[in-house]
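Geometric and topological summary
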Amino acid sequence: QVQLVESGGGLVQPGGSLRLSCTASGFRLDHYDIGWFRQAPGKEREGVICISISDSLTYYVESVKGRFTVSEDSSQNTVYLQMNSLLPEDTAVYYCARGSCRRFREPNFGSWGQGTQVTVSS
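A brief look at the structure comes next. (Residues numbered from 1 in each chain as written. Predicted model: local features only at pLDDT ≥ 70, side-chain atom pairs only at ≥ 80, totals over all residues. Heavy atoms only, no water.)

**Considerations on the overall build of the chain**
Looking only at helices and strands, the chain features 0 helices and 11 strands. Going from N to C terminus, the chain has its helices and strands arranged as β-β-β-β-β-β-β-β-β-β-β. Computed over its C-alpha atoms, the radius of gyration of the chain comes to 13 Å, within 12% of the 14 Å expected for a compact globule of 122 residues. With respect to the three principal axes, the spread of C-alpha positions in the chain is 40 × 25 × 25 Å. Looking at the 122 residues of the chain, the share that counts as buried comes to 43%. For the chain, the share of sequence-separated contacts (at least 6 apart) that also reach a separation of at least 24 residues comes to 58%. Entry remark: accessible area of the chain is about 6300 Å², with carbon and sulfur atoms responsible for 44%. (Helix = DSSP H or I, 4+ residues; strand = E, 2+ residues; numbered from the N terminus. Rg over C-alpha atoms; globule rule 2.2 N^0.38 Å. Buried < 20%, exposed > 50% of the residue type's maximum accessible area, 1.4 Å probe, protein only. Contact = heavy atoms within 4.5 Å. Areas by Shrake-Rupley, 256 points an atom, 1.4 Å probe, with all protein chains shown as cover.)

**Details of unusual backbone geometry**
Phi at asparagine 77 is positive, roughly 50°, even though this residue is not glycine. The residue asparagine 77 is located in the loop between β7 (68-73) and β8 (78-83) in this model. Taking the relative accessible area as the measure of exposure, asparagine 77 reaches 10% and is therefore buried. Within the chain, serine 85 stands out as a residue other than glycine whose phi angle is a positive 50°. Exposure remark for serine 85: the relative accessible area of 39% places this residue in the partly exposed category.

**Some words on the environment of serine 25**
Inspection of the secondary structure puts serine 25 in strand β3 (residues 18-25). Residues serine 25 and leucine 4, spaced 21 residues apart in sequence, show a C-alpha to C-alpha distance of 6.6 Å. In this view, serine 25 contacts Gln1, Val2, Gln3 and Asn77; residues no more than four positions away in its chain are not counted.

None of the figures reported here should be taken as evidence of function without further support.
Here it is, written out as structure tokens:
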């Protein structure tokens, strides 16, 4: 079965850092595009960052450029989202999903993790 599991969320102060993990089972992460999305209270889910190994490309939303980095450890079948210089507006549930980075929108990602909560607050 295809499964994605996020972990690493928590409470962090503004300016702090967190590293989220997305571990896959049932498929090889490096054979697919993996996107990170987030959904803040009262807001729609948005794409944050997406890694495409096949295209050798990483896609970012403008608001996280220079602060967030995505990487992959094939031996662990895990994609990481390193989040630095966190801001209160980064507070959201973060999800990883399998889909197409060239079409980095929710409808183009069919397999989703359960999400992990990130709260940025003093």
